[in-house]
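Breakdown of the fold
This is what each chain is made of:
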Amino acid sequence: SLSFGNVKYLNLISNDLTSCSALSHLSCIEMIDLHNNDIVNLYNVSSRTLKWLRISNNNISSIGKRFGPLPKLEYLDLSSNELTTLDGILTSSQMTSVVPNLIALDLSNNSLTSGANGIKRLMQVKTLEAINLDDNDLEDVNELIEIINGLPNLKYVSLENNDINDEDEMRLEGCCEELGIKIDI
């Protein structure tokens, strides 16, 4: 039988895949690109070695409770999906992140909103340095400021094309300037 045990990099762009759960069996994998497939959920995606994961331009509407753990993951791209919630980025029992070393997260071009089931879960990922939240349905500037203040390593945030008015944009820019964070809005 064919063995993929030593595979470190896997490019599966545009293959009409509907699931990625089998990737959990790749014991040495460090980088997976699943851009432009038909994946609808992230059930049973876990890896002790994965550092880079792109699942952009799929049909994912929620992360799901069976996502992770991904203890070495540093980069996660979930852009251009149908996400409305970040439930699943935390373990349900301890409320700790399933991606404890995540540095960069791209959630642009989804349908994320403010509120309890929206983006507030980002505050549990304390290692985040860069977040792209462009093209979502975000409007609660107080919640955004709370999240920005709650991420001690944050260096960059992008919030372009959301439902944020000019006055609130200025508040966000002022908050980020005070904290030394680069913002695109």
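Let me sum up the structure you'll find in this document. Everything numeric in this text was worked out from a predicted model, so none of it was measured.

Thresholds, definitions, all that
- Residues numbered from 1 in each chain as written.
- Predicted model: local features only at pLDDT ≥ 70, side-chain atom pairs only at ≥ 80, totals over all residues.
- Heavy atoms only, no water.
- Phe/Tyr/Trp six-rings, centres within 6.5 Å; stacked < 30°, edge-to-face > 60°.
- Helix = DSSP H or I, 4+ residues; strand = E, 2+ residues; numbered from the N terminus.
- Polar contact = N/O pair within 3.5 Å; in protein donor to acceptor, adjacent residues only side chain to side chain.
- Contact = heavy atoms within 4.5 Å.
- Salt bridge = Lys/Arg side-chain N within 4 Å of Asp/Glu carboxyl O.
- Buried < 20%, exposed > 50% of the residue type's maximum accessible area, 1.4 Å probe, protein only.

Thoughts on the packing of aromatic side chains
- Under the counting rule described, the total for this entry stands at one aromatic pair.
- When the ring of W52 is compared with that of Y75, the centres are 5.2 Å apart and the planes differ by 15°; the resulting orientation is stacked. Of the two residues, W52 sits in strand β3 (residues 52-54) while Y75 sits in strand β4 (residues 75-77), which places them 23 residues apart along the sequence.

With respect to the side chain of N110
- By the element assignment, N110 lies in the loop between β5 (104-106) and β6 (130-132).
- Within the structure, the side chain of N110 is placed 3.3 Å from the backbone oxygen of S108, a separation counted as a polar contact.
- Ignoring any residue separated from it by four or fewer positions in sequence, one finds N110 in contact with L78, S79, S80, N81, E82, L83, D135 and N136.

Observations regarding the pattern of salt bridges
- Following the criterion strictly, the structure yields seven salt bridges and no others.
- For D87, the salt bridge goes to R121, with nearest N and O atoms at 2.6 Å. Of this pair, D87 sits in the loop between β4 and β5 while R121 is found in the loop between β5 and β6, placing the two residues 34 residues apart along the sequence.
- For D87, a relative accessible area of 27% gives the class partly exposed.
- One salt bridge connects K120 with E146, and the closest N-O pair in it is separated by 3.2 Å. In this pair, K120 is assigned in the loop between β5 and β6 and E146 in helix α1 (residues 141-149), connecting sequence segments 26 residues apart.

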